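# Residue-level structure breakdown
Okay, here's what each chain looks like letter by letter:
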Amino acid sequence: MGMVKVVGLVLHPRRDCGSAIDAIVNWAERRNVTVLGLHDEIDRIDCEAVSVTAEEMVERAGLLVSLGGDGTMLRTMRLVEGRKTPVLGVNVGRLGFLAEVDLPDLPDALSAIDEHKFTIESRTAVRTTLPDGKQVSAFNDIAMVRVPGDGLAAIGICVEGKNFVNYAADAVIVATPTGSTAYSFSAGGPIVSPNVEGLIVTASAAHSSFNRPLMLALQEQLDIDVLPTSGRLAIEVDGIIEGYAGPGDKLSIEPIPSAAQVIRLGSTSFYERARRKLRVEGSAQVSVADASDASVVDNFERRRYELLLGGEVAGVLHYRRHGDRIELLHTEVEQSFSGRGLAGRLASAALEDARARATPVVPSCPFVLGYLDRHPEFADLLATTTADS
């Protein structure tokens, strides 16, 4: 990838990406790089990006930047499917697992791309044609899901033209290795390295005697038959309902190797991200009182404590380590989770962790300062500066 001359932006439909766009436009101006945005996304905001169609963007851009969460990243990958154009994922707002950098690290990431300090990883996609003739593709998964009030998903799995096994389940999911940690995982599927080439078939809440996931090679022909006993099924493509299927319908599943190229800056590996995302036992978990519905994890690569609710990051507390001490910088909780005392949970977890590690604390976050005022039992953790002594 030579010096990028044209960058395309793909934005989250609702989150405010203004500061991210400014950072990219400023970087682009200094390097004489053109920034493109999609008509329906860019026209709502006042910025220097050139408004174009999706076709023109993928034709012209040497790099696509996804600003948002995992959904935006999946949409960006689908836009450039089959092309060599690399995609950089930037987390804006809620924290995703597919994106490579967080907003504060964006300028450094762009410089690293300038200096070719990155690697590119290929992603497999999976494609099918829906019963109504529409072609769809997914980078995580295609799932056939029972419609509430209807019967179970009764599905025959055919490999190389022959029926191998039938599932009766709430859903049957065909996932890529990238998607192995998404819907497939919650249905009991394995964690699969993104360096493995293959597709995973998993049944969610299987009622059939056979309930194990299957792993198929990419070159093996996979067909899914909706059996006569099945209820009506919604077809979810990367989590979005794109159509329906019923008894007698057949979906041919086609893998697309190297369907997208994503930029990795080498800060975290797949396993580190999976461990945090799935909270695999033995990861750097910080105990919090009443961890029934929430847990706090020290995401040390990103230098922040993360409060996880139902697998989603609901809040973060950023920190910096200086020698033997830790500075607590900034606490933020997702708006949709506010009012549940989660910021306090983050603060107490960070302070308990500092106590367990005998690390003096330097609080510069206004919320943490207020929390310390209300909880004098943590006062002994505060780093003594020369001014105090």
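Below or above, wherever it landed, is the structure these notes cover. (Residues numbered from 1 in each chain as written. Predicted model: local features only at pLDDT ≥ 70, side-chain atom pairs only at ≥ 80, totals over all residues. Heavy atoms only, no water.)

Another point: the side chain of E306. With respect to the helices and strands, the residue E306 is situated in strand β21 (residues 304-309). Side chain to side chain, E306 and R304 meet in a polar contact 2.9 Å long. (Helix = DSSP H or I, 4+ residues; strand = E, 2+ residues; numbered from the N terminus. Polar contact = N/O pair within 3.5 Å; in protein donor to acceptor, adjacent residues only side chain to side chain.)

A word on the packing of aromatic side chains. As enumerated under the stated definition, the model contains four aromatic pairs in all. Each ring, one from Y167 and one from F210, has its centre 5.7 Å from the other, and the planes form 45°; the classification is tilted. Separated by 43 residues along the polypeptide, Y167 in strand β11 (residues 162-169) and F210 in the loop between β13 (199-204) and β14 (214-216) bring together distant segments of the chain. Ring geometry for Y305 versus Y319: centroids 5.1 Å apart, planes at 50°, classification tilted. Taken together, the residues span a long stretch of sequence, with Y305 in strand β21 and Y319 in strand β22 (residues 312-322) at a distance of 14 residues. Among the residues examined, Y305 registers a relative accessible area of 1% and is labelled buried. Looking at Y319, the relative accessible area reads 3%, which means it is buried. Three or more aromatic residues joined by ring pairs make a cluster, and in this case those are F367, Y371 and F378. Directly above the ring of Y244 sits R232, whose terminal nitrogen or CZ lies 4.0 Å from the centroid. (Phe/Tyr/Trp six-rings, centres within 6.5 Å; stacked < 30°, edge-to-face > 60°. Buried < 20%, exposed > 50% of the residue type's maximum accessible area, 1.4 Å probe, protein only. Lys NZ or Arg CZ within 6 Å of the ring centre and 35° of its normal.)

Next up on the list: helix α1 (residues 18-30). Given a rise of 1.5 Å per residue, 13 residues ought to cover 18 Å, and the 19 Å separating the end C-alpha atoms of α1 matches this to within 8%. Buried residues of α1: A20, I21, I24, V25, W27 and A28, and no others. When α1 is viewed along its axis, its buried side chains cluster within an angular range of 160° and face the same direction. With respect to the buried face of α1, the exposed residues turned more than 90 degrees away are E29 and R30. At the C-terminal side of α1, N32 shows a positive phi close to 60°. (Expected span 1.5 Å × (residues − 1). Arc of directions from axis to C-beta.)

Taken in spatial order, the six strands line up as β14-β13-β12-β9-β16-β17 in an open sheet, and their pairing is antiparallel. One side of each edge strand has no neighbouring strand; the edge strands of this open sheet are β14 and β17 (240-245). Across this sheet, the average inter-strand angle for adjacent strands is 20°, counted without regard to direction. Two elements, strand β9 (residues 141-146) and strand β12 (residues 171-175), share five bridges in a ladder whose sense is antiparallel. Residue pairing in the sheet places D141 in a bridge with A175 of β12. (Pairing = 2+ DSSP bridges. Axes fitted to C-alpha atoms, helices over the stretch in contact; angles between N-to-C directions.)

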